[in-house]
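What follows is each chain in one-letter form.
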Amino acid sequence: MQNVNTGEIENWGVELEAKYPVCSRFNIHANASYLHMKEKIVAAPEVTGYVGVDYRQDKWLATLGVQYVNHLYTEVGANETKENFCLVNASVTYAATKAFSLWARGENLLAQSYEINLGYPMPRATFMGGVSVNF
């Protein structure tokens, strides 16, 4: 398979985003998009949605989010293939000082099997951690 320019396309879409501060420690945020595709494009979903919550306590920040992807095209043309999937991600950060933070993150916590490009499976549940230094 070879990736080449697709030429001219005429697609349009709409996106919405909202954030609601429930209280000083708790936020809810969400976004959604719809893409009308006259010409289908690989790795472009028709519908996406995300809902997340943040909780802040002193030096701690915890985030939990759910992302939904519907009709993501992994192959177009005669063998059109679409993916639908839901991902759950979470993270926690501890701000030890103004310039130094420790963090841990888990992605695709439900270990969903999906592809963005045909033949290239995305990883199942992944976990990572690190240190952030800001000067």
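Coordinates for the structure precede this section.
Residues numbered from 1 in each chain as written. Predicted model: local features only at pLDDT ≥ 70, side-chain atom pairs only at ≥ 80, totals over all residues. Heavy atoms only, no water.

**A few points about the sheet that holds strand 5 (residues 81-95)**
Taken together, seven strands build an open sheet; the order of strands is 1-2-3-4-5-6-9 and the sheet is antiparallel. The open sheet has two edge strands, strand 1 (11-21) and strand 9 (126-133), and neither has a second partner. When the angles between neighbouring strand axes are averaged without regard to direction, this sheet yields 15°. Looking at chain direction, strand 3 (residues 45-57) and strand 4 (residues 60-75) are connected through twelve bridges and run antiparallel. Bridge pairing links Val47 to Asn70 in strand 4. (Pairing = 2+ DSSP bridges. Helix = DSSP H or I, 4+ residues; strand = E, 2+ residues; numbered from the N terminus. Axes fitted to C-alpha atoms, helices over the stretch in contact; angles between N-to-C directions.)

**Some points on the packing of aromatic side chains**
If you walk through the whole model with that rule in mind, you get three aromatic pairs. Between Trp60 and Tyr94 the ring centres are 4.7 Å apart and the planes differ by 45°, which places this aromatic pair in the tilted class. Of this pair, Trp60 sits in strand 4 while Tyr94 sits in strand 5; the two residues are 34 residues apart in sequence, bridging distant segments of the chain. Assessed through its relative accessible area of 45%, Trp60 is described here as partly exposed. Centroid distance Phe85 to Tyr114: 4.1 Å. Interplanar angle 25°. Geometry classified as stacked. With Phe85 in strand 5 and Tyr114 in the loop between strand 6 (100-107) and strand 7 (115-117), the pair connects residues that are 29 residues apart, well separated along the chain. Across the pair, exposure class does not vary: Phe85 and Tyr114 are buried alike. (Phe/Tyr/Trp six-rings, centres within 6.5 Å; stacked < 30°, edge-to-face > 60°. Buried < 20%, exposed > 50% of the residue type's maximum accessible area, 1.4 Å probe, protein only.)

**Here we look at the pairing of strand 5**
In terms of strand pairing, strand 4 meets strand 5 through 13 bridges, oriented antiparallel. Across the sheet, the residue bridging to Gln67 is Leu87, located in strand 5. Counted between consecutive antiparallel strands, the loop separating strand 4 from strand 5 contains five residues, among which Gly77 sits at a positive phi close to 95°. Where strand 5 folds back on strand 6, the antiparallel hairpin that results is connected by four residues.

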